[in-house]
Amino acid sequence: MGAQAYERRIIAQAEDALAATSAAAWRFRELTVRSLRSPLPGARRLPMRFVARAPASVRREIGRMLFSGDAVSHRMGLELPPSPRADVVTLHDVVAWRFADESSPVPAAAEELRRAAAVICVSEFSALEAVEVLGIPHPHVVHNGVDARYFDAPPMDDDARRALNLPGPYVLHAGGAAERKNLAALAAAWPRVRSERPGLTLALAGPPHPRRTALFDGMPGVVLLGRLPDEAMPGLVAAASAVVVPSLYEGFGLPVLEAMAANVPAVVANTSSLPEVAGGHAILVDPDAAALAGGLIDATSADSALAGMVRGARTHADGFTWERSALGHARIWESLR
């Protein structure tokens, strides 16, 4: 998922970005915090449910112990307590405050974000939301990057596609199934697309979710792929006839850029951060069934204009790398040292 990809890539690039940005020597440490019961490796263990719901004063005390000795600390999750010194926080979006079916917001998070030394937002849209919803005065915008494996990725081979029950052409949706993902409109659009493109399949990749299953299970021409290994995704995207992102709300929208990097047309809802990320190089549609159906039919046509759009999209995606994103982070860290 997008937040996990962000964490991995920024951490992996952090030391090089600091070396390229700063004339001073930095010492860097990665602090992976896990819950007490988590089977995953971690440098620290905390009762995360308690920490997330604790009063602000208690969280500050935990933060003093956790980040002791740090000149600058960067929290990539709002559940973690604040640092007592230069506290940098990533805010991907405000969905916890906007949508009832998302995880509830950390009670102290809004106050902590307003007090932070720097808040990094991943799009201009999410920065505007941070100001409007949470009252954060001056958020920084640093766009996400695209995993290098997506750029000109080789399409998944025929054997691998057949193993996924995708022997013919397909359009791909990859992501979660929260209400803001707007899968209900995609489900309503699909019968019309299928009637116009009877050989086309809708492939849905993402963790099993009862909402997705209820909407699509048994629908003709639909394959529920479940959660696939990360290494399979570039080839799956590259082999698609189109990628569809029908969301009502996204803080960024990595699947848009992944499709562009892989030379695949993207059909994208004209909502939230998605037009900003698409930069005019996708088929932008209203987030309703009729518009989504029309966009998918257009994206899978033989229209010669599609090739030009895909070429422009590939060039646009070049501007979004994790190296560039990490440099933007490093400049903020350096300014707070």
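Now for a description of the structure that goes with this document. (Residues numbered from 1 in each chain as written. Predicted model: local features only at pLDDT ≥ 70, side-chain atom pairs only at ≥ 80, totals over all residues. Heavy atoms only, no water.)

Quick word on the sheet that holds strand β6 (residues 140–141)
- The four strands are arranged β3-β4-β5-β6 in an open sheet whose pairing can be described as parallel. Looking along the sheet, the strands with just one partner apiece sit at the ends: β3 (72–75) and β6.
- By the bridge criterion, two bridges tie strand β5 (residues 118–121) to β6 in an arrangement that is parallel. Residue pairing across strands places C121 opposite V141, the latter belonging to β6. (Pairing = 2+ DSSP bridges. Helix = DSSP H or I, 4+ residues; strand = E, 2+ residues; numbered from the N terminus.)

A look at the pairing of strand β4 (residues 86–91)
- Taken across its six residues, β4 has six buried, putting it largely inside the fold.
- Residue alternation in β4 divides its side chains into two sets, A86, V88 and T90 and D87, V89 and L91, and both sets are buried.
- Both β3 and β4 contribute to a ladder of four bridges, which runs parallel. Along β4, the bridge assignment pairs V72 with A86.
- Sheet topology places β4 next to β5; four bridges connect them, and they run parallel. Looking at β5, one finds that T90 is bridged to I120. (Buried < 20%, exposed > 50% of the residue type's maximum accessible area, 1.4 Å probe, protein only.)

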